[in-house]
Amino acid sequence: MSLLCCLLAGCTLFSALCKNNMAAAAAAAATTNESVMNVWYLENCNIDILDSGKTVKDFIDSKTKKLDSVGDEGPFYVANLDNIFKRHLRWLTNLPRVKPFYAVKCNNEAAVLRMLSALGTGFDCASKGEIQRALSHGVTPDKIIYAHTTKPLSHIKYARAHGVNRMTFDSEEELLKISLCHTKAKLVLRIAVDDSDSLLQLSAKFGAKLASVGKLLERAAELGLEVIGVSFHVGSGCTESGAFKQAIADARSVFDMGKLRGFQMTLLDIGGGFPGREDFQIKFEEFSEVINGALEEYFPPDSKVQIIAEPGRYYVDSAFTLAANIIAKRAILDDVGEHNDVEKSSPDRVMMYYLNDGVYGSLSFLINDPAHSEVEPYLNRTVESSEQRYRSVIWGPTCDSIDKVIDNFWIPELHVGDWLFVDNMGAYSVCSSTDFNGFERAQVYPVVTTETWHALNNFDINNIH
Ligand SMILES: Cc1ncc(COP(=O)(O)O)c(C=O)c1O
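Scope of this entry: the structure provided in the associated data block. (Residues numbered from 1 in each chain as written. Predicted model: local features only at pLDDT ≥ 70, side-chain atom pairs only at ≥ 80, totals over all residues. Heavy atoms only, no water.)

Across its full length, the protein chain carries 14 helices and 19 strands. Out of the 465 residues belonging to the protein chain, those deemed buried represent 56%. Sequence separation of 24 or more characterises 71% of the internal contacts of the protein chain that already satisfy a separation of 6 or more. Accessible area of the protein chain: about 19400 Å², with a carbon and sulfur share of 50%. (Helix = DSSP H or I, 4+ residues; strand = E, 2+ residues; numbered from the N terminus. Buried < 20%, exposed > 50% of the residue type's maximum accessible area, 1.4 Å probe, protein only. Contact = heavy atoms within 4.5 Å. Areas by Shrake-Rupley, 256 points an atom, 1.4 Å probe, with all protein chains shown as cover.)

So this is what it looks like as structure tokens:
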């Protein structure tokens, strides 16, 4: 079933909140339990509901066929919303005390934001633009933390004007700026923590050292600002669950320092860093166990401290699959040079393929994200063991030679017009791609199964705090 304006019989609230049906949505809102009232409007999302029994793979197959039939080879993503829903349920099961504030920077796709909002998560925004985007998708300001410690003054003013009060800081300069234009801000002190076991470290750039925390808190008090809590980020792609334990212990000591200076802090923000893909070396469950133990030890429930986190990768990475098209190819002889008539049987034959997406597009993480430094493209068919394979190099479409997707990829010979697919494409891809050289950004097609659609329709956000 395509584009839904929700033809599903039995969908009540969600079906009302669809394209061209806002009046019905308002009526539904008036008569519906507020706990399941949400922002799952479908306009601007263009979500496809998969017919019963149909899979994401079926959707991808039919999409590529359709594009082929009209001669459109543009790259696209399929965003599997079932996957995001499952991840959310997994979060609730494993970290029941920790409310997720999804990191918008990771993937700001409308369907992702609307779905997570409907599920009751909060949002971590890093700029005026991200706040604007979250608000435009129905997120209320109380569900936003402005989690950037170095903010332009005009962005702080925007936050104040739109009722976004929670924000992080890690320096005296930032306190001064905030005191100039947002005296009602609820401040969260970001501390630097040991992130040496993370693939992408952040504490070199952000976070106050424990030694400077006392002075910062005193300065905040002098300026009449309110510090409500502590945040940290163990680094993206964290490979050591103990990093969370140490960071939570460090945060405890900051709470204690705050108390001595008259601040009764009530918020602990444990940041992001959770694995986004199933094959990551440490499972989410292992992190959860360590985090729950540390919370129990340093912030037991009777401390009445609200615990939040800023997961990005965790929610979206495995939900997105990229489809890109081979737009050109060349055969060369390894170490020799170009030969269009290279013998197929030559052991030195190397195939060069040019995809219509690359490191200036969806795959920018290949050059800027150590937590995701390679991809494994695949074909939409099984490769038989008897098929001849060639060493292949896959390039992106631009004129730049840094635009390389994969080297040393052993596959059968492909042809111009063939599609290649890449899984685990949801994190730091959509939002950081450019149209360098005039190559279009990949379009996103969000899909959801009927089963999940119904489950979403009945989801009670009261089961998270
Ligand atoms: C402040 C902050 N919060 C959250 C995140 C999300 O991190 P991750 O995607 O590793 O969960 C980041 C990522 O850079 C960040 O800088």
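To continue, consider the environment of K86. Along the polypeptide, K86 turns up in helix 4 (residues 81-94). Look at K86 and you get exposed, because its relative accessible area is 56%. With 229 residues separating them in the primary sequence, K86 and Y315 have C-alpha atoms 9.2 Å apart.

Under the counting rule described, the total for this entry stands at 19 aromatic pairs. Considering the side-chain rings of Y102 and F123, the 6.4 Å spacing of their centres and the 90° angle between planes classify their relative orientation as edge-to-face. With Y102 in strand 3 (residues 98-103) and F123 in strand 4 (residues 122-125), this pair connects stretches of sequence that are 21 residues apart. Both residues of the pair, Y102 and F123, belong to the buried class. Both rings, one in F244 and one in F287, keep their centres 5.8 Å apart while their planes meet at 80°; by these two values the pair is edge-to-face. Pair noted here: F244 is in helix 10 (residues 242-260) and F287 is in helix 11 (residues 284-298), with a separation of 43 residues, a long-range link. According to the relative accessible area criterion, F287 is buried, its value standing at 0%. Seen from the ring of Y390, R349 lies directly overhead, with NZ or CZ sitting 4.7 Å from the centre. (Phe/Tyr/Trp six-rings, centres within 6.5 Å; stacked < 30°, edge-to-face > 60°. Lys NZ or Arg CZ within 6 Å of the ring centre and 35° of its normal.)

On to empty space enclosed by the protein, then. Tallying each qualifying case throughout the model produces 2 cavities of 30 Å³ or more. Within this model, the largest cavity holds a volume of roughly 60 Å³. For the largest cavity, the full set of lining residues is N356, D357, G358, Y360, G361, P397, T398, T434, D435, F436, F439 and E440. Taken together, the residues that form the lining of the largest cavity break down as 4 nonpolar, 5 polar and 3 charged. Approximately 40 Å³ is the volume found for the second largest cavity. Together, R87, R90, P275, R277, E278, I282, K283 and F284 line the second largest cavity. (1 Å grid on protein atoms, 1.4 Å probe; cavity = no way out; pocket = protein on both sides within 12 Å on 5 of 7 lines; lining within 4 Å. Points joined across faces, edges and corners; volume = space filled by probe spheres on them. Nonpolar A, V, L, I, M, F, W, Y, C, P; charged D, E, K, R; others polar.)

Opposite charge on two side chains makes pairing possible when the charged atoms of those side chains draw close. Inspection of the entire model under this criterion finds 20 salt bridges. The closest approach of N and O atoms between R87 and E278, which form a salt bridge, is 2.8 Å. Placement of R87 in helix 4 and of E278 in the loop between strand 11 (267-269) and helix 11 is noted, with a sequence separation of 191 residues between them. What makes R87 buried here is its relative accessible area of 4%. The salt bridge partner of K177 is E174, with a shortest N-O separation of 2.9 Å. Of this pair, K177 and E174 both sit in helix 8 (residues 172-181), 3 residues apart, which is roughly one turn of the helix. The partly exposed category is assigned to K177, whose relative accessible area is 23%. Residue E174 is classed as buried on the basis of its relative accessible area, which comes to 2%. Salt bridges here are not isolated pairs; linked through shared partners, they connect R87, R90, E278 and E285. (Salt bridge = Lys/Arg side-chain N within 4 Å of Asp/Glu carboxyl O.)

As for its placement among the helices and strands, S429 is situated in the loop between strand 18 (419-422) and strand 19 (443-449). You can call S429 buried: its relative accessible area is 0%. Within polar-contact distance, the side chain of S429 engages the backbone oxygen of M425 at 2.5 Å. Excluding its chain neighbours within four sequence positions, the residues that come into contact with S429 are Y77, C106, G361, S362 and F365. (Polar contact = N/O pair within 3.5 Å; in protein donor to acceptor, adjacent residues only side chain to side chain.)

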